[in-house]
Amino acid sequence: MIWSLIVGGFIGFIAGGITRKGGAMGIIANIIAGLIGSSVGQSLFGTWGPNLAGMALIPSILGAVIVVAVVSFFFGKKE
């Protein structure tokens, strides 16, 4: 359980860095984005690639990027 939260936070952190929204996201948001993104990514792209804590890393990161992009589109600051 704790390991899944750590890996989810790592996935969310990478997704935030890719989308350049990581500065606006906190630790809890990284974990949530990583866990939800992992589910989305594995549903869309499958479970190929290296696995860590039951999550396929590459599809999980792709899914987290999608989740962060969609959430920032709807709830991000309009500049």
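Residues numbered from 1 in each chain as written. Predicted model: local features only at pLDDT ≥ 70, side-chain atom pairs only at ≥ 80, totals over all residues. Heavy atoms only, no water.

1. So, the nonpolar core
Grouped together as the largest cluster of nonpolar side chains are 10 residues: Val-7, Ile-11, Ala-15, Met-25, Ala-33, Met-55, Leu-57, Ile-61, Ala-64 and Val-68. Setting aside its immediate chain neighbours within four residues, Ala-33 contacts Met-25, Ala-64 and Val-68. (Core = buried A, V, L, I, M, F, W, Y, C linked by side-chain atoms within 4.5 Å. Buried < 20%, exposed > 50% of the residue type's maximum accessible area, 1.4 Å probe, protein only. Contact = heavy atoms within 4.5 Å.)

2. Some thoughts on the UniProt feature "transmembrane region" (unreviewed entry) in the protein chain
In this numbering, the UniProt entry assigns the feature "transmembrane region" (unreviewed entry) to residues 27-46 and 52-75. Taken end to end, residues 27-46 has its terminal C-alpha atoms 26 Å apart, with 95% of it in helix and 0% in strand. Taken end to end, residues 52-75 is 79% helix and 12% strand, and its first and last C-alpha atoms sit 30 Å apart. (UniProt positions renumbered as here; feature names shortened; annotations may be inferred. Helix = DSSP H or I, 4+ residues; strand = E, 2+ residues; numbered from the N terminus.)

3. Notes on the environment of Val-67
Mapped onto the elements, Val-67 comes out in helix 3 (residues 57-75). In the structure, Val-67 is positioned 35 residues away from Ile-32 in sequence and 9.9 Å away in space, judged by C-alpha atoms. Not counting chain neighbours up to four residues away, the residues in contact with Val-67 comprise Ile-36, Gly-37 and Val-40.

4. Remarks on a nonpolar patch on the surface
Together, Leu-44, Phe-45, Trp-48, Ile-58, Leu-62, Ile-66, Val-70, Val-71, Phe-73, Phe-74 and Phe-75 give the surface a local cluster of nonpolar side chains, amounting to about 1100 Å² of exposed area. Where the nonpolar patch is concerned, the elements lending two or more residues are helix 2 (27-45) and helix 3. Among the elements that line the nonpolar patch, the one with the most residues is helix 3, at eight residues. Position of Phe-74 relative to the elements: it lies in helix 3. (Patch = residues over 30% accessible without salt bridge, like charges linked within 9 Å, V, L, I, M, F, W, Y side chains within 5 Å. Areas by Shrake-Rupley, 256 points an atom, 1.4 Å probe, with all protein chains shown as cover. Salt bridge = Lys/Arg side-chain N within 4 Å of Asp/Glu carboxyl O.)

5. A few points about helix 2
With 19 residues, helix 2 ought to run about 27 Å at 1.5 Å a step, and its terminal C-alpha atoms sit 26 Å apart, in line with that. Along helix 2, the residues classified as buried are Asn-30, Ile-31, Ala-33, Gly-34, Gly-37, Ser-38 and Gly-41. Just downstream of helix 2 lies Gly-46, where phi reads positive at about 90°. (Expected span 1.5 Å × (residues − 1).)

6. Comments concerning helix 1 (residues 2-19)
With 18 residues, helix 1 extends 26 Å from end C-alpha to end C-alpha; this agrees with the ideal 26 Å at 1.5 Å per step. Buried within helix 1 we find Val-7, Gly-8, Gly-9, Ile-11, Gly-12, Ala-15, Gly-16 and Thr-19. Those residues of helix 1 hidden inside the fold are in contact with helix 2, strand 1 (51-52), strand 2 (55-56) and helix 3. With its phi angle positive at about 60°, Arg-20 sits one or two positions after the end of helix 1.

7. Remarks on the packing of aromatic side chains
Summed over the entire model, instances satisfying the criterion amount to one aromatic pair. Taken together, a centroid distance of 5.1 Å and an interplanar angle of 80° make the contact between Phe-73 and Phe-74 edge-to-face. This pair shows no difference in class: Phe-73 is exposed, exactly as Phe-74 is. (Phe/Tyr/Trp six-rings, centres within 6.5 Å; stacked < 30°, edge-to-face > 60°.)

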